[in-house]
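Observations on chain architecture
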Amino acid sequence: MKNKILVVDDDNEIRNLLEICLSNEGFSVVKACDGQDALDILEKEEFQLIILDVMMPRLNGIEVCSKIRRNLNIPILMLSAKSEDMDKIQGIMTGADDYITKPFNTLELLVRVKALLRRAYYFNNDKNSNNLIHIENLTIDKNQHRVTVDEEEIPLTSREFDILCMLAVNRGSVLSSEAIFRKIWKEEYYQSNNTVMVHISRIRDKIEKHMNGQKIIHTVWGVGYKIEK
(Lines give C-alpha, C1' and ligand atoms only; values in the text may rest on other atoms or scores of the structure.)
Protein backbone atom coordinates (compact mmCIF):
# COMPACT_ATOMS: atom_id res chain seq x y z
CA MET A 1 0.00 0.00 0.00
CA LYS A 2 1.27 3.49 -0.87
CA ASN A 3 2.27 5.85 1.91
CA LYS A 4 -0.27 8.66 1.97
CA ILE A 5 0.99 12.22 2.50
CA LEU A 6 -1.02 15.35 3.28
CA VAL A 7 0.52 18.50 1.76
CA VAL A 8 -0.66 21.72 3.41
CA ASP A 9 0.34 25.05 1.81
CA ASP A 10 -1.57 28.14 0.71
CA ASP A 11 0.71 28.50 -2.35
CA ASN A 12 -0.85 26.58 -5.24
CA GLU A 13 2.46 26.30 -7.12
CA ILE A 14 4.20 24.73 -4.13
CA ARG A 15 1.30 22.32 -3.56
CA ASN A 16 1.47 21.20 -7.19
CA LEU A 17 5.28 20.94 -7.13
CA LEU A 18 5.16 18.75 -4.03
CA GLU A 19 2.40 16.62 -5.51
CA ILE A 20 4.46 15.97 -8.65
CA CYS A 21 7.73 15.12 -6.89
CA LEU A 22 6.05 12.95 -4.23
CA SER A 23 3.82 11.16 -6.74
CA ASN A 24 6.86 10.40 -8.91
CA GLU A 25 8.35 8.62 -5.89
CA GLY A 26 5.25 6.46 -5.47
CA PHE A 27 3.50 8.38 -2.69
CA SER A 28 -0.22 9.07 -2.62
CA VAL A 29 -0.80 12.82 -2.14
CA VAL A 30 -3.75 14.81 -0.82
CA LYS A 31 -3.55 18.62 -0.84
CA ALA A 32 -4.96 21.22 1.57
CA CYS A 33 -4.90 24.97 0.90
CA ASP A 34 -4.83 26.13 4.54
CA GLY A 35 -4.70 24.93 8.14
CA GLN A 36 -8.43 24.56 8.69
CA ASP A 37 -8.79 22.63 5.45
CA ALA A 38 -6.05 20.27 6.67
CA LEU A 39 -7.78 19.63 10.00
CA ASP A 40 -11.07 18.92 8.22
CA ILE A 41 -9.34 16.39 5.94
CA LEU A 42 -7.60 14.71 8.89
CA GLU A 43 -10.97 14.03 10.49
CA LYS A 44 -11.95 11.90 7.47
CA GLU A 45 -8.72 10.32 6.21
CA GLU A 46 -5.57 8.66 7.59
CA PHE A 47 -2.07 9.70 6.55
CA GLN A 48 1.45 8.46 7.16
CA LEU A 49 3.07 11.93 7.01
CA ILE A 50 2.14 15.63 6.83
CA ILE A 51 4.08 18.39 5.07
CA LEU A 52 2.92 21.59 6.72
CA ASP A 53 3.63 25.21 5.78
CA VAL A 54 4.09 27.66 8.67
CA MET A 55 2.64 30.88 7.22
CA MET A 56 -0.99 30.31 6.15
CA PRO A 57 -4.37 32.10 6.44
CA ARG A 58 -7.06 31.11 8.95
CA LEU A 59 -4.80 28.79 10.97
CA ASN A 60 -1.03 28.93 10.64
CA GLY A 61 1.19 25.86 10.65
CA ILE A 62 2.26 26.25 14.28
CA GLU A 63 -1.38 26.26 15.42
CA VAL A 64 -2.27 23.32 13.17
CA CYS A 65 0.72 21.30 14.37
CA SER A 66 -0.28 21.89 17.99
CA LYS A 67 -3.87 20.76 17.30
CA ILE A 68 -2.72 17.65 15.41
CA ARG A 69 -0.41 16.63 18.25
CA ARG A 70 -3.31 16.50 20.71
CA ASN A 71 -4.57 13.32 19.05
CA LEU A 72 -2.13 12.06 16.42
CA ASN A 73 1.53 11.00 16.23
CA ILE A 74 1.87 11.38 12.46
CA PRO A 75 5.35 12.57 11.40
CA ILE A 76 5.23 16.27 10.52
CA LEU A 77 7.70 18.09 8.23
CA MET A 78 7.30 21.85 8.46
CA LEU A 79 8.00 24.31 5.63
CA SER A 80 8.77 27.97 6.12
CA ALA A 81 10.27 30.93 4.32
CA LYS A 82 11.88 31.90 7.62
CA SER A 83 15.19 30.42 8.75
CA GLU A 84 15.77 32.04 12.15
CA ASP A 85 16.52 29.68 15.04
CA MET A 86 13.50 30.85 17.05
CA ASP A 87 11.14 29.83 14.26
CA LYS A 88 12.71 26.37 14.17
CA ILE A 89 12.44 26.05 17.94
CA GLN A 90 8.79 27.13 17.90
CA GLY A 91 8.03 24.49 15.27
CA ILE A 92 9.81 21.81 17.25
CA MET A 93 8.11 22.83 20.49
CA THR A 94 4.69 22.30 18.92
CA GLY A 95 5.66 18.78 17.91
CA ALA A 96 7.13 18.94 14.42
CA ASP A 97 9.60 16.17 13.54
CA ASP A 98 11.65 18.08 11.01
CA TYR A 99 11.94 21.52 9.43
CA ILE A 100 13.02 22.73 5.99
CA THR A 101 13.15 26.31 4.70
CA LYS A 102 11.92 27.72 1.41
CA PRO A 103 13.14 27.72 -1.26
CA PHE A 104 13.94 24.03 -0.80
CA ASN A 105 15.67 21.46 -2.94
CA THR A 106 13.13 18.77 -3.89
CA LEU A 107 15.77 16.03 -3.59
CA GLU A 108 16.58 17.13 -0.04
CA LEU A 109 12.88 17.25 0.82
CA LEU A 110 12.39 13.70 -0.50
CA VAL A 111 15.33 12.47 1.55
CA ARG A 112 13.81 14.00 4.68
CA VAL A 113 10.35 12.60 3.92
CA LYS A 114 11.73 9.08 3.47
CA ALA A 115 13.85 9.38 6.61
CA LEU A 116 10.83 10.42 8.67
CA LEU A 117 8.72 7.57 7.33
CA ARG A 118 11.52 5.06 7.95
CA ARG A 119 12.08 6.37 11.47
CA ALA A 120 8.40 6.38 12.34
CA TYR A 121 7.39 3.01 10.94
CA TYR A 122 10.38 0.71 10.42
CA PHE A 123 10.02 -0.92 13.84
CA ASN A 124 6.62 -2.28 12.77
CA ASN A 125 8.28 -4.31 10.01
CA ASP A 126 10.62 -6.12 12.38
CA LYS A 127 8.35 -9.00 13.38
CA ASN A 128 11.05 -11.25 14.81
CA SER A 129 12.45 -8.98 17.52
CA ASN A 130 10.84 -8.57 20.93
CA ASN A 131 12.13 -5.17 21.89
CA LEU A 132 10.40 -4.15 25.09
CA ILE A 133 12.25 -1.84 27.47
CA HIS A 134 10.90 -1.36 31.01
CA ILE A 135 11.89 1.60 33.19
CA GLU A 136 9.89 1.69 36.42
CA ASN A 137 6.26 1.70 35.21
CA LEU A 138 7.22 3.06 31.77
CA THR A 139 7.39 0.67 28.81
CA ILE A 140 9.00 1.32 25.44
CA ASP A 141 7.75 -1.03 22.72
CA LYS A 142 10.16 -0.72 19.81
CA ASN A 143 8.12 -3.08 17.62
CA GLN A 144 4.98 -0.98 17.95
CA HIS A 145 6.84 2.36 18.21
CA ARG A 146 4.85 2.97 21.38
CA VAL A 147 5.54 4.33 24.86
CA THR A 148 3.19 3.67 27.77
CA VAL A 149 3.01 4.42 31.49
CA ASP A 150 0.81 1.93 33.34
CA GLU A 151 -0.61 0.98 29.91
CA GLU A 152 -1.59 4.58 29.13
CA GLU A 153 0.01 5.63 25.84
CA ILE A 154 2.30 8.68 25.79
CA PRO A 155 2.11 10.54 22.44
CA LEU A 156 5.70 11.07 21.27
CA THR A 157 6.87 12.27 17.87
CA SER A 158 9.15 9.93 15.94
CA ARG A 159 12.27 11.88 16.94
CA GLU A 160 11.22 12.08 20.58
CA PHE A 161 10.72 8.32 20.51
CA ASP A 162 14.15 7.75 18.95
CA ILE A 163 15.88 9.93 21.56
CA LEU A 164 14.11 8.14 24.41
CA CYS A 165 15.04 4.76 22.90
CA MET A 166 18.67 5.80 22.50
CA LEU A 167 18.88 6.84 26.15
CA ALA A 168 17.03 3.72 27.31
CA VAL A 169 19.23 1.33 25.34
CA ASN A 170 22.29 3.06 26.85
CA ARG A 171 20.96 3.17 30.44
CA GLY A 172 23.58 4.29 32.92
CA SER A 173 25.69 6.00 30.25
CA VAL A 174 25.78 9.75 29.71
CA LEU A 175 25.10 10.74 26.09
CA SER A 176 26.13 14.18 24.91
CA SER A 177 23.83 16.45 22.89
CA GLU A 178 26.27 16.11 20.03
CA ALA A 179 26.14 12.29 20.08
CA ILE A 180 22.34 12.31 20.21
CA PHE A 181 22.05 14.87 17.41
CA ARG A 182 24.49 13.08 15.11
CA LYS A 183 22.75 9.73 15.68
CA ILE A 184 19.14 10.90 15.34
CA TRP A 185 19.43 13.71 12.79
CA LYS A 186 22.47 12.32 10.93
CA GLU A 187 23.76 15.86 10.43
CA GLU A 188 26.71 17.91 11.60
CA TYR A 189 26.33 19.32 15.10
CA TYR A 190 27.05 22.97 15.94
CA GLN A 191 27.83 24.16 19.46
CA SER A 192 24.94 26.64 19.52
CA ASN A 193 22.44 23.98 18.46
CA ASN A 194 19.82 23.48 21.21
CA THR A 195 17.54 21.16 19.23
CA VAL A 196 18.29 18.18 21.50
CA MET A 197 17.59 20.23 24.63
CA VAL A 198 14.19 21.24 23.27
CA HIS A 199 13.29 17.62 22.43
CA ILE A 200 14.46 16.38 25.85
CA SER A 201 12.29 19.04 27.50
CA ARG A 202 9.25 17.90 25.52
CA ILE A 203 9.86 14.23 26.36
CA ARG A 204 10.16 15.05 30.05
CA ASP A 205 6.97 17.12 30.05
CA LYS A 206 5.00 14.32 28.40
CA ILE A 207 6.35 11.50 30.56
CA GLU A 208 6.64 13.11 33.98
CA LYS A 209 3.04 14.29 34.13
CA HIS A 210 2.01 10.62 33.84
CA MET A 211 4.54 9.52 36.47
CA ASN A 212 3.63 11.99 39.21
CA GLY A 213 6.65 14.12 38.44
CA GLN A 214 9.16 11.26 38.71
CA LYS A 215 12.27 12.04 36.65
CA ILE A 216 13.38 9.45 34.09
CA ILE A 217 15.85 11.49 32.03
CA HIS A 218 18.58 13.17 34.08
CA THR A 219 20.81 16.05 33.02
CA VAL A 220 24.52 15.75 33.75
CA TRP A 221 25.47 19.41 33.50
CA GLY A 222 28.21 20.16 31.00
CA VAL A 223 28.18 16.54 29.76
CA GLY A 224 24.77 15.39 28.50
CA TYR A 225 21.77 13.25 29.43
CA LYS A 226 21.18 9.79 30.84
CA ILE A 227 18.61 7.36 32.20
CA GLU A 228 19.75 5.76 35.45
CA LYS A 229 20.15 1.98 35.63
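Residues numbered from 1 in each chain as written. Predicted model: local features only at pLDDT ≥ 70, side-chain atom pairs only at ≥ 80, totals over all residues. Heavy atoms only, no water.

Rules: UniProt positions are given in the numbering used here, feature names are shortened, and annotations may be inferred rather than shown by experiment.
The protein chain carries the name Stage 0 sporulation protein A homolog in an unreviewed UniProt entry, which gives Romboutsia lituseburensis DSM 797 as its organism. Its UniProt record gives the protein chain a comment under Function (unreviewed entry), which states: "May play the central regulatory role in sporulation. It may be an element of the effector pathway responsible for the activation of sporulation genes in response to nutritional stress. Spo0A may act in concert with spo0H (a sigma factor) to control the expression of some genes that are critical to the sporulation process."

**Some details on the sheet that holds strand β9 (residues 152-153)**
Filter applied, for reference: Pairing between strands is defined by DSSP: at least two bridges between the two strands are required. In DSSP terms, a helix is any run of H or I states spanning at least four residues, a strand is any run of E spanning at least two, and both are numbered starting from the N terminus.
Judged by pairing direction, the sheet is antiparallel, and its four strands sit side by side in the order β6-β7-β8-β9 without closing on themselves. Edge positions in the open sheet fall to β6 (132-135) and β9, since each of these has one partner strand only. As paired elements, strand β8 (residues 146-149) and β9 share two bridges and run antiparallel to each other. Looking at β9, one finds that Thr148 is bridged to Glu153.

**Here's the deal with the nonpolar core**
Here is the rule: Side-chain atoms within 4.5 Å are what join buried Ala, Val, Leu, Ile, Met, Phe, Trp, Tyr and Cys residues into a set we call a nonpolar core. We call a residue buried when its accessible area falls under 20% of the maximum for its residue type, exposed when it is over 50%, and partly exposed in between, using a 1.4 Å probe and counting protein chains only.
Ranked by size, the top nonpolar core spans 30 residues in total, and within it Ile140, Leu164, Leu167, Ile180 and Ile217 carry the most contacts. When residues of this core are traced back to their parent elements, those giving at least two are β6, β7 (138-141), β8, α6 (158-169), α7 (177-185), α8 (195-208) and β11 (224-227). Considering every element that reaches this core, the biggest residue donor is α6, with seven residues. In terms of nonpolar packing, the next biggest core, distinct from the first, is built from 23 residues, Phe47, Met56, Cys65 and Tyr99 among them.

**Side note on the sheet that holds strand β2 (residues 28-32)**
Note: strands within a sheet are paired through backbone hydrogen bonds, in either parallel or antiparallel orientation. We apply this condition: Axes, fitted as lines to C-alpha atoms, cover a helix only where it is in contact. Angles between the N-to-C directions of the axes lie from 0 to 180 degrees. Contacts are residue-level and defined by heavy atoms, with any inter-residue pair within 4.5 Å sufficient.
Taking strand neighbours across the sheet as the criterion, the five strands line up as β2-β1-β3-β4-β5 in an open arrangement whose pairing is parallel. With one partner strand each, in any of the chains shown, β2 and β5 (98-101) form the two edges of the open sheet. Averaged over all pairs of adjacent strands, the angle between strand axes in this sheet comes to 20 degrees, irrespective of strand direction. Each of β1 (4-8), β2, β3 (49-53) and β4 (76-80) touches helix α1 (residues 12-24); the most contacted strand, β2, lies at about 170 degrees to it.

**A closer look at the domain arrangement of the protein chain**
Operational definition: Annotation comment: domain bounds sourced from an automatic or database domain assignment. Accessible area, probed at 1.4 Å, shrinks when two parts are joined; the buried area is that loss added up over both. Each salt bridge in this description consists of a side-chain nitrogen of Lys or Arg and a carboxyl oxygen of Asp or Glu lying within 4 Å of one another. We call two N or O atoms a polar contact when they sit within 3.5 Å, provided that within protein one can donate a hydrogen and the other can accept it, with sequence-adjacent residues counted only if both atoms are side-chain atoms. Ten residue types, Ala, Val, Leu, Ile, Met, Phe, Trp, Tyr, Cys and Pro, are classed as nonpolar, four, Asp, Glu, Lys and Arg, as charged, and the remainder, Gly among them, as polar.
By domain assignment, the protein chain separates into domain 1 (4-120) and domain 2 (132-227). Distance from the C-alpha centre of domain 1 to the C-alpha centre of domain 2: 24 Å. Taken together, the contacts link 14 residues of domain 1 with 15 residues of domain 2. Roughly 1,300 Å² of surface becomes buried between domain 1 and domain 2 when both sides are summed, with 47% attributable to carbon and sulfur atoms. For Arg159, the salt bridge is made with Asp98, and the minimal N-O distance between the two is 3.5 Å. Across the contact surface, domain 1 and domain 2 share three residue pairs in polar contact (both at pLDDT 80 or more). Elements with a contribution of two residues or more to the side of domain 1 that touches domain 2: α4 (85-93) and α5 (106-121). Sort the elements by how many residues they give to the side of domain 1 that touches domain 2 and α5 lands first, with four residues. When its residues are assigned to classes, the side of domain 1 that touches domain 2 shows six nonpolar, three polar and five charged.

**Some details on the pattern of salt bridges**
All chains considered together, the criterion is met by 17 salt bridges. For Glu153, the salt bridge is made with Arg146, and the minimal N-O distance between the two is 3.3 Å. The exposure class of Glu153 is partly exposed, given its relative accessible area of 39%. Look at Arg146 and you get partly exposed, because its relative accessible area is 35%. In this structure, Glu160 engages Lys206 in a salt bridge whose closest nitrogen and oxygen atoms are separated by 2.7 Å. Taken together, the positions of Glu160 in helix α6 and Lys206 in helix α8 put the pair 46 residues apart, joining distant regions of the chain. The exposure classification of Glu160 matches that of Lys206, with both residues buried.

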